[in-house]
Structures are given as structure tokens and as C-alpha cells.
Amino acid sequence: SWVDEIVVGLAVHNRRSARDKATMGMFSSVIPIRVAVDQGASFQSLLIAVAKVSLRCFRHQRVPIAEITRGVGLSRAGRKRLFDVSLSIEGFDGDISFPGFEIEALAMNSDAEQAPLAVAVRDYHDARDVVFDLKFREASLSIERAQALKNGLSCVFDALVRGFSGPIDQLP
């Protein structure tokens with residue numbers, strides 16, 4: 001079934017200043033991205049809308065997610081989370097070499113994910129395909145439902161890679 005809007009937790013690196021970028025350590029965070037979905041629009045239109053909303057939301061990336069959750073009153077609405085899906089887009093050059101050493105970047109996963117469904121798109125190596133990783137919490141999704149979601153998303157991505165340009169509600 002279709003929805004009129006989606007809220008996705010978007011992973012951000014949370015390094016805005018030059019000082020932050022020069023500091024070693026992990027500064028990641030998650031920001032909620034809320035986007036209206038027009039089922040008759042193209043996927044490209046949806047991506048443009050997501051990009052615009054993301055740019056507006058990035059300025060708030062230092063606000064802790066717990067503070068946002070309290071601010072929007074989720075507990076009063078009977079919800080535990082702002083979003084049920086988190087998205088991490090990881091694109092960087094993972095082909096690193098030092099004299100005498102070849103180093104390969106690998107994805108590191110943890111079981112700390114709070115969202116029922118976590119999607120990671122990883123592009124670490126120029127000569128390899130992009131990796132699509134789907135993790136889920138068994139307390140929220142059955143293995144069968146997670147597999148069905150993975151298969152459905154794979155069909156959608158395949159259609160988009162082949163150049164599908166119709167309305168979103170016509171995606172496989």
C-alpha cells in the first residue's frame with residue numbers, strides 16, 4: 001500500500017567545521033528526513049524532493065535525535081521512533097595503498113541499530129559494484145517479511161538502473 005509521506009533516518013557524518021573534519025574519531029548522527037510522496041510523480045522527482053529536504057535538514061544535524069523526538073511529542077502520539085527505516089549512503093574511495101601494503105575498506109556492522117529496518121548503500125571501490133545492504137530487527141520484522149522487502153527493493157533498483165522513468169506507483 002502507498003503512503004502520502006515518508007520519514008527516513010538519514011545517517012550524517014556530523015563534521016561541519018574544518019576543526020571537526022581534522023579531529024579523529026566518530027561524529028556520526030541521524031537526522032529525520034520527512035518527504036511528501038506523490039505517487040504519480042517520477043522517481044527522479046522524488047529524489048529531487050528528498051535532496052531539497054535533506055539540504056534544509058542538514059543544518060540541524062547537531063541536534064540530538066532524542067531532543068527532536070521529545071520536541072515533536074512522539075510519546076504523546078503513542079510512537080517510540082521518528083522513523084522505521086534508516087538510510088546510510090556510504091560513498092568514498094576505499095582503495096588505499098601504502099608502500100608495501102594494500103588496504104581494503106570493509107563495511108562494519110553493529111547490532112546497535114534502533115530502526116526496525118536499516119538500508120546501507122556502499123560504494124567503496126571503483127572497480128566493483130555498489131553494495132546494497134539490508135539489516136533488520138527480528139523483534140520488528142520476520143525473516144520472511146525482511147526477505148520480501150529485500151526482493152521488492154531489488155526489483156525497484158533494477159528497474160531504476162535500467163532507466164525506468166514512469167510514475168512511482170508503476171514501479172515493480
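Scope of this entry: the structure provided in the associated data block. Since we're looking at a predicted model, the values are computed, not measured. (Residues numbered from 1 in each chain as written. Predicted model: local features only at pLDDT ≥ 70, side-chain atom pairs only at ≥ 80, totals over all residues. Heavy atoms only, no water.)

The strand order E2-E1-E3-E6-E7 describes an open sheet built from 5 strands, whose pairing is mixed. At either end of the open sheet lies a strand with only one pairing partner, and these are strand E2 (29-36) and strand E7 (131-136). Along the sheet, successive strands turn relative to each other by an average axial angle of 25°, direction set aside. Summarising the sheet, strand E6 (residues 117-123) and E7 pair through 6 bridges and their orientation is antiparallel. For Ala 118, the partnering residue across the bridge sits in E7 and is Lys 135. On top of the sheet, helix H5 (residues 143-161) reaches E6 and E7; it is set at about 155° to E7, its chief contact. (Pairing = 2+ DSSP bridges. Helix = DSSP H or I, 4+ residues; strand = E, 2+ residues; numbered from the N terminus. Axes fitted to C-alpha atoms, helices over the stretch in contact; angles between N-to-C directions. Contact = heavy atoms within 4.5 Å.)

Considered as a void within the structure, the largest pocket measures approximately 2,100 Å³ in volume. Lining the largest pocket we find 46 residues, and of these Ile 6, Val 8, Val 85, Leu 153 and Phe 157 sit closest to its centre. For the lining of the largest pocket, the secondary structure elements donating two or more residues are strand E1 (5-12), E2, helix H2 (43-58), strand E3 (85-91), E6, E7 and H5. Residue classes in the lining of the largest pocket are distributed as 36 nonpolar, 5 polar and 5 charged. (1 Å grid on protein atoms, 1.4 Å probe; cavity = no way out; pocket = protein on both sides within 12 Å on 5 of 7 lines; lining within 4 Å. Points joined across faces, edges and corners; volume = space filled by probe spheres on them. Nonpolar A, V, L, I, M, F, W, Y, C, P; charged D, E, K, R; others polar.)

If you walk through the whole model with that rule in mind, you get 4 salt bridges. Between Arg 34 and Glu 5 there is a salt bridge; the shortest N-O distance is 3.0 Å. Taken together, the residues Arg 34 in strand E2 and Glu 5 in strand E1 connect sequence positions 29 residues apart. Arg 81 is the salt-bridge partner of Asp 84, the closest N and O atoms lying 3.3 Å from each other. (Salt bridge = Lys/Arg side-chain N within 4 Å of Asp/Glu carboxyl O.)

Before going further, it helps to examine a negative patch on the surface. A cluster of acidic side chains, namely Asp 93, Asp 95, Glu 102, Asp 123 and Asp 126, defines a negative patch on the protein surface. The topology assignment puts Asp 95 in strand E4 (residues 95-98). (Patch = residues over 30% accessible without salt bridge, like charges linked within 9 Å, V, L, I, M, F, W, Y side chains within 5 Å. Areas by Shrake-Rupley, 256 points an atom, 1.4 Å probe, with all protein chains shown as cover. Lys, Arg positive; Asp, Glu negative; His and termini not counted. Charge placed at Lys NZ, Arg CZ, Asp CG, Glu CD.)

Moving on, we get to the environment of Ser 28. As for its position among the elements, Ser 28 is in the loop between helix H1 (18-22) and E2. As for Ser 28 and Arg 145, which are separated by 117 residues in sequence, their C-alpha atoms are 29 Å apart.

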